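In case you want the letters, here they are:
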Amino acid sequence: MPVYQIVHVIVFLILTVMTLGGALGVVVSRNLFHSALFLVLSFAGVVGYYVLLDAGFLAVVQLLIYIGAIAILILFAVMLTRGLMDKRQSQTNQQWLIAGLAALLTFIVLAVVLWQVDWPVASEQVLASPSMAIGAKGSQLGQDLLGTYVIPFEVASVLLFVALIGAVILARETES
Amino acid sequence: MIPLYWWLIVAAALFCIGLYAVLSRKNAIAILMGVELMLNAVNVNLVAFWRYITPQALTGQVFAMFVITIAAAEAAVGLAIFISVYRKHGTIDVEKLDIMRW
Amino acid sequence: MDTIVLWLTNLIPQMSEPVARLVVHLVYAGVLSFVAPVVVVVAFTYMERKVIARIQDRVGPNRAGPLGVLQGLADAVKMLTKEDITPQNADRPVYNLAPGIAVIGVILIYAVLPFAPGVVGADLNVGVLYIVAVGGIGTMAVLMAGWSSDNKYSMLSAFRVVAQMISYEIPVIIALLMVVLVAGSMQMGEIIAAQDVPFLFTLPLAFFIFFVATIAEIGRSPFDLLEAESEIVAGFHVEYSGMKFAFFFIGEYMHLFVGAGLVTTLFLGGWRGPLLGNVVSDASLFGMLLGFVYFLIKTVFVIFLMIWVRGTLPRFRIDHLLDFGWKFLVPVGLFGLMAVALILKLPFLSSSGLQWVGLLVANVAVIVISLALVSMAARRSRSVALRGVAGADR
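From a predicted model like this one, the values you see are computed outputs, not experimental measurements.

(A) Spatial organisation of the overall build of chain C. In terms of regular secondary structure, chain C is built from 16 helices and zero strands. When the backbone C-alpha atoms are referred to their principal axes, chain C occupies close to 60 × 55 × 40 Å. Burial analysis of chain C (394 residues in total) assigns 51% to the buried set. Sequence separation of at least 24 residues holds for 74% of the intrachain contacts in chain C that already meet a minimum separation of 6. When the accessible surface of chain C is split by element, carbon and sulfur atoms take 70% of a total near 18,900 Å². Chain C carries 25 positive and 24 negative side-chain charges, and their two centres are separated by 9 Å.

(B) Representation of the pattern of salt bridges within the structure. Residues and elements named next belong to chain C. Inspection of every chain in the model, using the stated rule, returns eight salt bridges over all chains. With a shortest N-O distance of 2.7 Å, D196 and R272 are connected by a salt bridge. One end of the pair, D196, is in the loop between α8 (188-193) and α9 (199-202); the other, R272, is in the loop between α11 (243-268) and α12 (285-312), with 76 residues separating them in the sequence. Under the relative-accessibility criterion, R272 is labelled partly exposed at 27%. Of the charged contacts, one joins D323 and K327 as a salt bridge, the two residues approaching to 3.4 Å between their closest N and O atoms. Of this pair, D323 and K327 both sit in helix α13 (residues 318-345), four residues apart, which is roughly one turn of the helix.

(C) Expanded view of the environment of G21 of chain A. Mapping G21 of chain A onto the fold places it in helix α1 (residues 3-28). Judged by relative accessible area, G21 of chain A falls into the partly exposed class, the value being 33%.

(D) Geometry of the interface of chain A and chain C. Contacts between the two partners involve 25 residues from chain A and, on the opposite side, 20 residues from chain C. Here chain A and chain C share an interface that buries about 2,100 Å² over both sides, 81% of which is from carbon and sulfur atoms. Taken together, the connections running from chain A to chain C amount to zero salt bridges. In this structure, the connection of chain A to chain C is made through one residue pair in polar contact (both at pLDDT 80 or more). At 13 residues, helix α3 (residues 56-80) of chain A tops the list of elements feeding residues into the side of chain A that touches chain C.

(E) Representation of the confidence of the model for chain C in the model. Residues and elements named next belong to chain C. Taken residue by residue, chain C gives an average pLDDT of 85. The fraction at 70 or more is 93%. Across chain C, the element-wise mean pLDDT spans from 60 in helix α16 (residues 384-389) up to 93 in helix α7 (residues 169-183). Among the scores for the predicted complex, ipTM is 0.92 and pTM is 0.90.

(F) Highlighting helix α6 (residues 152-167) of chain C. Given a rise of 1.5 Å per residue, 16 residues ought to cover 22 Å, and the 23 Å separating the end C-alpha atoms of α6 of chain C matches this to within 8%. Residues S154, M155, S157, A158, F159, V161, V162, Q164, M165 and S167 of chain C constitute the buried set of α6 of chain C. Packed against the buried residues of α6 of chain C are α3 of chain A together with α5 (127-148), α7, α10 (204-218) and α13 of chain C.

(G) How the structure looks around the packing of aromatic side chains. Under the criterion given, the structure shown has 23 aromatic pairs over all chains. On the basis of an interplanar angle of 80 degrees and a centroid distance of 5.2 Å, the ring pair of Y49 of chain A and W7 of chain B is categorised as edge-to-face. Taken together, the residues span two chains, with Y49 of chain A in helix α2 (residues 32-52) and W7 of chain B in helix α1 (residues 4-24). No difference in accessibility class separates Y49 of chain A from W7 of chain B, as the two residues are buried. Here F76 of chain A and F159 of chain C contribute two aromatic rings whose centre-to-centre distance is 5.1 Å and whose plane-to-plane angle is 20 degrees, an arrangement assigned as stacked.

(H) Expanded view of the interface of chain B and chain A. Tallying the contact residues gives 66 residues for chain B and 84 residues for chain A. Taken over both partners, the interface formed by chain B and chain A buries close to 7,100 Å², and the fraction arising from carbon and sulfur atoms is 77%. On the chain B side of the contact with chain A, Y20, R25 and M33 of chain B bury the most area, a combined 9% of that side's loss. For the salt bridge of R51 of chain B with D54 of chain A, the shortest nitrogen-to-oxygen distance reads 2.9 Å. When residues of the side of chain B that touches chain A are traced back to their parent elements, those giving at least two are α1, α2 (28-53) and α3 (59-89) of chain B. Residue composition of the side of chain B that touches chain A, by class: 50 nonpolar, nine polar and seven charged.

(I) Examining the side chain of D91 of chain C more closely. In this fold, D91 of chain C is placed in the loop between α3 (71-81) and α4 (92-110). Here H34 of chain A takes part through its side chain, which lies 3.0 Å from a polar atom of the side chain of D91 of chain C. Ignoring anything within four residues of it in the chain, the contact list for D91 of chain C reads N31 and H34 of chain A together with W147 and S148 of chain C.

(J) Geometry of the environment of G118 of chain C. With respect to the helices, strands and loops of the structure, G118 of chain C is situated in the loop between α4 and α5. Separated by 129 residues in the primary sequence, G118 of chain C and F247 of chain C have C-alpha atoms spaced 30 Å apart.

Calculation criteria
Residues numbered from 1 in each chain as written. Chains lettered and ligands numbered in written order. Predicted model: local features only at pLDDT ≥ 70, side-chain atom pairs only at ≥ 80, totals over all residues. Heavy atoms only, no water. Helix = DSSP H or I, 4+ residues; strand = E, 2+ residues; numbered from the N terminus. Buried < 20%, exposed > 50% of the residue type's maximum accessible area, 1.4 Å probe, protein only. Contact = heavy atoms within 4.5 Å. Areas by Shrake-Rupley, 256 points an atom, 1.4 Å probe, with all protein chains shown as cover. Lys, Arg positive; Asp, Glu negative; His and termini not counted. Charge placed at Lys NZ, Arg CZ, Asp CG, Glu CD. Salt bridge = Lys/Arg side-chain N within 4 Å of Asp/Glu carboxyl O. Buried area = accessible area lost by both parts, 1.4 Å probe. Polar contact = N/O pair within 3.5 Å; in protein donor to acceptor, adjacent residues only side chain to side chain. pLDDT = per-residue confidence, 0-100. Expected span 1.5 Å × (residues − 1). Phe/Tyr/Trp six-rings, centres within 6.5 Å; stacked < 30°, edge-to-face > 60°. Nonpolar A, V, L, I, M, F, W, Y, C, P; charged D, E, K, R; others polar.

Structure, rendered in structure tokens:
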């Protein structure tokens, strides 16, 4: 295998350890703040995945929004609601065993089904030149967003506006 | 290139870990973290399919971008609700918040 | 980087081109991570102390070495020899990681800064967006530091610092959007290439907003209520001592240099200068050095401006600070963005090559109109502070 392939596989394995390790840290950690930091680690692994999949713009958007905004929101909420800070108290509810079995079963079923399907992977030539490779200009995405996908784009902007107003109203302290 | 199957397995694993977090945690914020993990898994899936099956059209990336947008809006409103509930009831343990029982 | 790679392969003929490229990139990354922090901090703490001293009519450090140039070294030795105290109930792994992540978040920005023609770590085609994205990592470090110190004041201060930092990310993004609209690309190299007339003269509104918002992002005076030495509790890094505190300090000065570097690249033309490009070739080694010298001169000038602002203006209070960001900079920025977008679409301006005049007129008009509106509102308002600020009593 050429060197490029080996490096690709090694980077993929490192990123998988980061992402799945972070996700396991979220569910296993007893301290909620540590869970939130493991979540950030998982997000960072996903940023690496996007770069590996030649989706450079999406990688930077993930970094900006998930790590720069959502993770900070979650950390703020953890710091403001200091519930369940007692380390002796268990973080999981009574049905953790069944939930674990259900999740494991779901994973096994998914893995088996995904292995059986004959995915219509594109030919070598098409694979070698994706539409938004890292070197390409970003204008294609902009033209698509304002051309073919203009309706979801406008709806998303209305949604964000409503969410902004809603979050401000909900979190405001009621004057009593 | 890395076979498509590896990407799908990783996305499925991330999804199932998120599922376990949603089903088995007591703290409402931990449940939200599980939901975010599931949304990330879906995004990885979408972008992997885009890259391997139709790399010429940008549909996969656009879809993933909209999922990120909606996840951000949902996290903001959800956390605002949690903070508001915490102020009123002093806890965000979902086992204790059972006012609407039937 | 091609020039350096070429020079290296000529120097060592046995090295093949990909290996030479890898070596050059690794050396560049090493220089940015290990040499740049030390050099930047030592040079600019000295410069800052001297300039502020002169503004305050005194001399500044002049004991350590001739004219005080070894003061930075003395500070470093002092920091290294201080005792490293950790609070008893502090969250150890998070407490130890926070200073590192603060510095990491700043070094990552250095990777896209073009120091000379062709010398850029990675000329990403989403370079501008990357800068904003990586700035978010610094906010996470502040939250980690505030939480893990097991100190109520530290946590409250961390909340306020993070509120300030995320509030001023939006004016930064709006100013960057104006630059990207005019330059037509988010790539740093292309933005420099589009500045035949530096954007300082075509987009003065964007320059003002970016400059002020960058000072607020770094957390310098006049926006440093939360971590200034003369405040009662020195903010989110109050429980840190010795080298860990020095890391926060290093992070702040490196952010100062990279912020000034960004102002230079985006508004002053980066490494462009009088003889570069026509008399001296861009691709030669001498051209690279000349470009680097121009970059340094412009960046040092911008840093001097920032130090001047620090020495002159009094501190903002936290609510004035947030009001200024949300109620002044964001609306003015949005109006400026709409004005720039409108001017860029007018057909008669772009065909005659006078687009930059149109942009300049639009920017100045937005500034004048917004300042007039603020002073009219101040005159009508009963708030003594606002009337004083807007000079409404004259």
